[in-house]
Amino acid sequence: MSLWRIAWCYLWNRKLTTLLTILSVALGVGLIYSVLTLREETRKRFEEEGQAFDIVVGAKGSPLQLVLSALYFMDVPTGNIAFSDYEALKNHEDVAAAFPICMGDTFRGFRIEGTTPEIFGYTWTSAITGETRQPFSFASGRPFEKPMEAVVGSAVAEAEGLELGDSFIGSHGFIELPEGLGHDHSDAPYTVVGILAASGTPNDRAIFCSMDSVWNVHAHPKEEDGDHHEDHDESREVTAILIALESPSLRFQFVEYVNDSFNAMATIPIQQVANLYANILGTAKSVLLAVGYLVVVISAISVLIGLYLSIFQRKRDLAVMRALGASAYEIVSSVLIEAFLVTLLGIGVGWLLGNGVCWAIGQYLERRYGLGVGLFGLLTQEQWAAFATIALVGLLAGILPAWQAYRTDVARDLAEL
């Protein structure tokens, strides 16, 4: 009988103890894996969206707040800037494309974004995957063509059961209030003319309409007279401008130009995302990883105790093995194999547990922020290193029990039979 078979039989004979030990290892592995996976996946999603545009321009304030509100719809805007600033920047020689964003209303927690229909044809190439991304592709319908026509993201349509031709009413502000407490624009309903295909981006949770729609909804009565059209006078404002430059190398120069020449603030989205992960989420990751490795160490101690006690319970078995010709090396190896098998099974169960946690949190992130989380993908270098460390810790936990088995007094233990 092979040493692996012997080790497995011993573990099987102690099913409850083995199962509890495997679960203790799995808890630590699951925590470590889920932390690493969620951080990596959310970082990719944030960075991909951050690369969609080279520059975001908005009112002066927090650059991170501007990026989160304009690209991810996760914070309140820093304010508004003049529409004339958008026109000036759109016509700048270094600008390949510029799209205004007007915010102010929501529909049951989903943000209503005023913009131009040209944004639906915008594509960009991801520096992470190399894919050409088109986050505004249509599942059905068409772009808006006149005020109060709306294009809804896939998550909005699914959550609210919206179909082409349906109408809905927006509420003022960015916070969803209980029914009856918010200010509804009941006199200005939107009509759904298009539904976007699911893209795994924040756009899935947004509603797009013309800037006239947003301006007219918030216009004073005297401003509502006459035909609806985009009035380019100085009274019009936009919340942000999403800019794609002719070359990414112009980013820093363009930021300096905007900050010096306009009553506005420009920032580089990918830079703000990198700072967010390095300075804020990096600390949270370190704390959670520390907790995960602490659980693994505690699990290793349980492996050590379990194997150490089992040596005393089966010392006569070990003595018989020695008497039948098993070497001390084989005895030691069988105990180390037990420790390795328990740890390996713990890693496997922990990997499944971690993916389950990631799936659950990913569902929330997708519903709340439109950020999809990939599961059961190839392990990253950091994850391989974590698993290798855990396996090593498990093997080290078997050294003391193995040494105890090696020092077994064959004659004495046989005499007790």
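Residues numbered from 1 in each chain as written. Predicted model: local features only at pLDDT ≥ 70, side-chain atom pairs only at ≥ 80, totals over all residues. Heavy atoms only, no water.

Description of the environment of Asp 94
Item 1. With respect to the helices and strands, Asp 94 occurs in the loop between helix 4 (83-90) and strand 3 (95-107).
Item 2. Classification of Asp 94 as buried rests on a relative accessible area of 17%.
Item 3. Once the C-alpha coordinates of Asp 94 and Phe 254 are considered, the two residues, 160 residues apart in sequence, prove to be 8.3 Å apart.
Item 4. Filtering out sequence-adjacent residues up to four positions away, Asp 94 remains in contact with Leu 245, Glu 246, Leu 250 and Phe 254. (Helix = DSSP H or I, 4+ residues; strand = E, 2+ residues; numbered from the N terminus. Buried < 20%, exposed > 50% of the residue type's maximum accessible area, 1.4 Å probe, protein only. Contact = heavy atoms within 4.5 Å.)

A word on the pairing of strand 3
Item 1. Across the 13 residues that make up strand 3, a large majority, 12, are buried.
Item 2. Where strand 3 and strand 14 (residues 240-245) come together, six bridges link them in antiparallel fashion. Among the inter-strand pairings, Phe 99 is bridged to a residue of strand 14, identified as Leu 242.
Item 3. Here strand 3 pairs with strand 4 (residues 110-115) via four bridges, running antiparallel. Each residue of the ladder has a partner; that of Cys 102, found in strand 4, is Gly 114.
Item 4. Between strand 3 and strand 4, which follow one another and run antiparallel, lie two residues, and Arg 108 among them has a positive phi close to 50 degrees.
Item 5. As paired strands, strand 3 and strand 10 (residues 171-172) are joined by two bridges and run antiparallel to one another. Looking across to strand 10, one finds that Asp 105 is bridged to His 172. (Pairing = 2+ DSSP bridges.)

Focus on unusual backbone geometry
Trans is the common state for peptide bonds, and a negative phi is the common state for residues other than glycine.
Item 1. Unlike most non-glycine residues, Phe 73 shows phi in positive territory, near 55 degrees.
Item 2. Tracing the backbone shows Phe 73 in the loop between helix 3 (63-71) and strand 2 (81-82).
Item 3. Residue classification places Phe 73 among the buried residues on the basis of a relative accessible area of 13%.
Item 4. Non-glycine residue Met 148 carries a positive phi angle of around 70 degrees.
Item 5. With respect to the helices and strands, the residue Met 148 is situated in the loop between strand 7 (138-141) and strand 8 (149-152).

Quick look at the side chain of Thr 78
Item 1. Take Thr 78: it is sitting in the loop between helix 3 and strand 2.
Item 2. A distance of 2.9 Å separates a polar atom in the side chain of Thr 78 from the backbone oxygen of Ala 59.
Item 3. Aside from chain neighbours lying at most four places away, what touches Thr 78 is Gly 58, Ala 59, Lys 60, Gly 61, Ser 62, Gln 65 and Leu 66. (Polar contact = N/O pair within 3.5 Å; in protein donor to acceptor, adjacent residues only side chain to side chain.)

Some details on the side chain of Asn 355
Item 1. Looking at the secondary structure, you find Asn 355 in helix 10 (residues 328-369).
Item 2. Side-chain polar atoms of Asn 355 contact the side chain of Tyr 33, separated by 3.4 Å.

Description of the pattern of salt bridges
Item 1. Considering all chains together, one arrives at four salt bridges under this definition.
Item 2. Salt-bridge contacts for Asp 54 lead to Arg 251; the nearest nitrogen and oxygen are separated by 2.9 Å. You can see Asp 54 sitting in the loop between helix 2 (15-50) and strand 1 (55-58) and its partner Arg 251 sitting in helix 7 (residues 251-261), a full 197 residues away along the chain. Comparing Asp 54 with Arg 251 shows no difference in burial state: the two are buried. (Salt bridge = Lys/Arg side-chain N within 4 Å of Asp/Glu carboxyl O.)

Quick look at the state of the cysteines
Item 1. Per the counting criterion, the structure on display carries zero disulfides.
Item 2. For Cys 209, which is in no disulfide, the shortest distance to another cysteine sulfur is to Cys 102 and amounts to 8.4 Å. (Disulfide = S-S within 2.5 Å.)

So, the packing of aromatic side chains
Item 1. Tallying each qualifying case throughout the model produces 15 aromatic pairs.
Item 2. Seen in terms of ring centroids, Tyr 257 and Phe 262 are 5.8 Å apart; in terms of plane orientation they differ by 85 degrees. Their pairing is edge-to-face.
Item 3. The class of Tyr 257 is partly exposed, set by a relative accessible area of 30%.
Item 4. Site record: aromatic cluster; members linked through ring pairs are Phe 120, Phe 136, Phe 138, Phe 144 and Phe 208. (Phe/Tyr/Trp six-rings, centres within 6.5 Å; stacked < 30°, edge-to-face > 60°.)

Here we look at the nonpolar core
Item 1. By size, the foremost hydrophobic cluster in this structure holds 43 residues, and its most contacted members are Ile 55, Val 57, Val 152, Phe 168, Ile 207, Ile 241 and Ile 243.
Item 2. Ignoring sequence-local partners within four residues, the contact set of Phe 168 consists of Phe 107, Ile 112, Ala 150, Val 152, Leu 162, Pro 189, Tyr 190, Val 192 and Ile 207.
Item 3. Among the nonpolar cores identified, the runner-up in size contains 33 residues, and Met 103, Phe 136, Ala 244 and Leu 276 belong to it. (Core = buried A, V, L, I, M, F, W, Y, C linked by side-chain atoms within 4.5 Å.)

In short, shape yes, function no, at least from these values alone.
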